[in-house]
Amino acid sequence: MAYSRKGWWINLSACFLLFGLWVLTVRLGHWNLYARGISGFIVAVIAVALATRAFFFQDEIQKQSRMREWYFGSLIGILATLAIVVCARMYPGTLLSFFHANPGRSTTPGQYMAIGLAIGFTMTCLLQVVGALLARAVAALRTSP
Amino acid sequence: MKNRIRVLRAEMGWSQAELAERIGVARQSVNAIETGKADPSLPLGMRIAKVFGKTVEEVFTSD
C-alpha cells in the first residue's frame, strides 16, 4: 500500500492537533504532575505510532525524496548553527543583551525553555522546507538536458 | 536513466493513478519516475515492465 502526500499531511496535522489539544487541556485544566505525565506519555505514544506508520507506508521513491530532503535540511542546519556559533563567539555581549533587554521583567526557566523549543521547532520546519526546495532544484537540474 | 513509461501508459490508456495502483506506489512516485526525478529499484523496475508486458530493457534505457 502506497502512502499518499495527502495521507502524510493528515498524519502530520493529527500529530499537531493532538499536541495542541493536550497543551490546551493541561493549561486550562490545571492538571497535577501525575496526570500531566500520564497524558503526555499517551500523546507521545500516539504521535510516535503515527510517525512510524507514515515511515513504513512510504514507497521507495517517497523514501528517496525524504532522504534527500533530510540530507539538505541537515546540511543547511549544521551550516546555520555554525554561523550562529561563530557570531556568538565573536560578539559574546550580543547574546546576553538579547535575553536581558529588559532587566525589570523576570524570565522564568519555563519561558526560556519555551523560547528554546520554539526556536528549535521553527528552525527544523524552515530547514525542512528549504531542504525540500533544494532537493527539487537538484532533481530538476538532473533532468534538464 | 530514461524511460518510456509515459508513452506506454498512454498506449494502455492508463492514468498515473491507475498505474500507481497496479505497481503499488503513490501517484506522485509514478510522476517522479516518469519525469526522471527518481530512479526505481530493480524490483520496482521489473514490476513496471511486467504490468506493461515488456522487458526492463524495453521500458528503461541508460542515458
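Preceding this paragraph is the structure being described.
Here's what I pulled together on the structure shown here. This one's a predicted model, so the numbers in the text were calculated from it and none came from an experiment. (Residues numbered from 1 in each chain as written. Chains lettered and ligands numbered in written order. Predicted model: local features only at pLDDT ≥ 70, side-chain atom pairs only at ≥ 80, totals over all residues. Heavy atoms only, no water.)

Some points on the overall build of chain B
Stage number 1. Counting its regular elements, chain B contains five helices and two strands.
Stage number 2. For chain B, the α and β elements follow one another from N to C terminus as β-α-α-α-α-α-β.
Stage number 3. Counting the 63 residues in chain B, one finds 40% classified as buried.
Stage number 4. Within chain B, counting contacts between residues at least 6 apart in sequence, those at least 24 apart form 55% of the total.
Stage number 5. Here chain B displays about 3,500 Å² of accessible surface, and carbon together with sulfur accounts for 53% of that area. (Helix = DSSP H or I, 4+ residues; strand = E, 2+ residues; numbered from the N terminus. Buried < 20%, exposed > 50% of the residue type's maximum accessible area, 1.4 Å probe, protein only. Contact = heavy atoms within 4.5 Å. Areas by Shrake-Rupley, 256 points an atom, 1.4 Å probe, with all protein chains shown as cover.)

Examining the pattern of salt bridges
Residue and element names in this part refer to chain B.
Stage number 1. Summed over all chains, the structure comprises three salt bridges over all chains.
Stage number 2. Arg6 is the salt-bridge partner of Glu34, the closest N and O atoms lying 3.5 Å from each other. A residue pair is termed long-range when its members are at least 10 positions apart, and Glu34 in helix H3 (residues 27-34) and Arg6 in helix H1 (residues 5-12) qualify at 28 residues.
Stage number 3. For Glu34, a relative accessible area of 9% puts it in the buried group.
Stage number 4. With a shortest N-O distance of 3.7 Å, Arg22 and Glu18 are connected by a salt bridge. Of this pair, Arg22 and Glu18 both sit in helix H2 (residues 16-23), four residues apart, roughly one helical turn.
Stage number 5. For Arg22, a relative accessible area of 45% gives the class partly exposed. (Salt bridge = Lys/Arg side-chain N within 4 Å of Asp/Glu carboxyl O.)

Considering the interface of chain B and chain A
Stage number 1. If you look at the interface, chain B gives 15 residues, while chain A gives 13 residues.
Stage number 2. Taking both sides of the interface into account, the surface hidden between chain B and chain A amounts to around 1,000 Å²; carbon and sulfur atoms contribute 53%.
Stage number 3. Applying the counting criterion to the chain B and chain A interface returns zero salt bridges.
Stage number 4. Joining chain B to chain A, the criterion identifies four residue pairs in polar contact (both at pLDDT 80 or more).
Stage number 5. Considering each element in turn, the side of chain B that touches chain A owes the most residues, four residues, to H3 of chain B.
Stage number 6. For the side of chain B that touches chain A, the class distribution of residues is seven nonpolar, six polar and two charged. (Buried area = accessible area lost by both parts, 1.4 Å probe. Polar contact = N/O pair within 3.5 Å; in protein donor to acceptor, adjacent residues only side chain to side chain. Nonpolar A, V, L, I, M, F, W, Y, C, P; charged D, E, K, R; others polar.)

Considering the nonpolar core
Residues and elements named next belong to chain B.
Stage number 1. Judged by nonpolar contacts, the single largest core of 18 residues is most densely connected at Ile5 and Ile48.
Stage number 2. Mapped onto this core, the elements with two or more residues apiece are H1, H2, H3 and helix H4 (42-52).
Stage number 3. Broken down by element, the residue count for this core peaks at four residues, all from H4. (Core = buried A, V, L, I, M, F, W, Y, C linked by side-chain atoms within 4.5 Å.)

Some thoughts on the packing of H2 of chain B against H4 of chain B
Residue and element names in this part refer to chain B.
Stage number 1. At a closest axis distance of 10 Å, the pairing of H2 and H4 adopts a crossing angle of 115°. Seen from above, H2 lies across H4 with right-handed handedness. Contact residues: Leu19, Arg22 and Ile23 in H2; Leu44, Arg47, Ile48, Val51 and Phe52 in H4. (Axes fitted to C-alpha atoms, helices over the stretch in contact; angles between N-to-C directions. Left-handed = near helix turned anticlockwise from the far one by under 90°.)

Details of the packing of aromatic side chains
Residues and elements named next belong to chain B.
Stage number 1. Taken as a whole and assessed by the stated rule, the structure comprises three aromatic pairs over all chains.
Stage number 2. Between Trp14 and Phe52 the ring centres are 5.5 Å apart and the planes differ by 25°, which places this aromatic pair in the stacked class. Of the two residues, Trp14 is situated in the loop between H1 and H2 and Phe52 in helix H4; the sequence distance between them amounts to 38 residues.
Stage number 3. Residue classification places Phe52 among the buried residues on the basis of a relative accessible area of 7%. (Phe/Tyr/Trp six-rings, centres within 6.5 Å; stacked < 30°, edge-to-face > 60°.)

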